[in-house]
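Chain and residue survey
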Amino acid sequence: MRKILFVCLLFCILSFTQEETSKEYEIKYLFTKGSNVSYSLKIDTIEKLNISGQYNEKKRKVVIDFDQIVENVDENGNGIIKMKYLGGSYDGIKVDLAGKEVTLKRNSKGEILESVGLEELSAEFVKIIQKSLSDYVPGFDRIPVKIDFSKFDSNMFNVYLESFTPVFPDKKIKIGESWEKEIMIPIFFTKGTLVYTLEKIEDNKAYINVSITKKQIKGTGELIFDIEKGYIIEQNLSIRGENVKTKVDLGQYAPQYAQSFDISGSVIIKISLFAK
């Protein structure tokens, strides 16, 4: 009798497991007019770099807080989203972000179809880059940026914003299935491929593993997505670059200090995005 009960129990467990692994889930962004989610983006960096002969070891921290408000939904179901920046800081020093706004048209997969205002926001991030490089090139942060970002099309910068948020496949997926997305890897100034794998579904939340591999750059992380409400709850990604070698030309931003920088060394970046 016990043997029969054990076999029945084992059969039920195997049947349930098979059903869960074969079940398909639709994971997509949902847009409801008037909905608002507040986020905090934190980027912690540990770098050991040699920039054009100047070696330095440094820890940096960037924090950006913003509201994401769905202003409208068009006839195709795309969300018209206003990202209103509440503030930001670089190593504890305030960055001029408060009050700045970016408007996005985003589809349910997460692709940015159109944007307005990213060129102005990007100008503030160039100041952060200048401040970082001033540790290696004294006075670089005091050089006026001559490039006029207002002349750029905001959509040129969409790829950078998409690097921080996932894009989902346009089909239902099963637990264990993966999909890919090309991104611009922050700080390394190079493109890479993120691989997303659906790990599990619990309480209408999708738990997704994230990985990236590109030569000396490796990354791992996890994403938690609310399927019922259709938004990101939390995303963590750790990127490690060992023996990285690259060249950056910042002369276009500061012509009077026109030169390229040879960068080599190691960097660890921890990116955290979470709903408050």
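A brief report on the enclosed structure follows.

Definitions and cut-offs
- Residues numbered from 1 in each chain as written.
- Predicted model: local features only at pLDDT ≥ 70, side-chain atom pairs only at ≥ 80, totals over all residues.
- Heavy atoms only, no water.
- Helix = DSSP H or I, 4+ residues; strand = E, 2+ residues; numbered from the N terminus.
- Buried < 20%, exposed > 50% of the residue type's maximum accessible area, 1.4 Å probe, protein only.
- Contact = heavy atoms within 4.5 Å.
- Areas by Shrake-Rupley, 256 points an atom, 1.4 Å probe, with all protein chains shown as cover.
- Salt bridge = Lys/Arg side-chain N within 4 Å of Asp/Glu carboxyl O.
- 1 Å grid on protein atoms, 1.4 Å probe; cavity = no way out; pocket = protein on both sides within 12 Å on 5 of 7 lines; lining within 4 Å.
- Points joined across faces, edges and corners; volume = space filled by probe spheres on them.
- Nonpolar A, V, L, I, M, F, W, Y, C, P; charged D, E, K, R; others polar.

Description of the overall build of the chain
- From N to C terminus, the chain includes 3 helices and 14 strands.
- Every one of the 276 residues in the chain was classed for burial, and the buried ones make up 43%.
- Considering only intrachain contacts with a sequence separation of at least 6, the fraction spanning at least 24 residues in the chain is 56%.
- Summing over all exposed atoms, the chain offers an accessible surface of approximately 15300 Å²; the carbon and sulfur share of this is 52%.

A look at the pattern of salt bridges
- Using the criterion set out here, one finds 12 salt bridges in the structure.
- Across the pair Lys61 and Asp44 runs a salt bridge whose closest N-O atoms are separated by 3.0 Å. Taken together, the residues span a long stretch of sequence, with Lys61 in strand β3 (residues 54–73) and Asp44 in strand β2 (residues 36–51) at a distance of 17 residues.
- Lys82 is the salt-bridge partner of Glu101, the closest N and O atoms lying 3.3 Å from each other. Of the two residues, Glu101 sits in strand β6 (residues 101–106) while Lys82 sits in strand β4 (residues 79–90), which places them 19 residues apart along the sequence.

Quick word on empty space enclosed by the protein
- Counted according to the given criterion, the structure contains 2 cavities of 30 Å³ or more.
- Volume-wise, the second largest cavity comes out at about 30 Å³.
- Ser163, Phe164, Gln235, Leu237 and Ile271 together form the lining of the second largest cavity.
- Grouping the constituent residues of the lining of the second largest cavity by class yields 3 nonpolar, 2 polar and no charged.

Focus: the environment of Ile81
- One can find Ile81 in strand β4.
- Between the C-alpha atom of Ile81 and that of Thr103, which follows or precedes it by 22 residues, the distance is 5.6 Å.
- Not counting the four nearest positions on each side in its chain, Ile81 is found in contact with Phe31, Gln68, Ile69, Val70, Val102, Thr103, Leu104 and Arg106.

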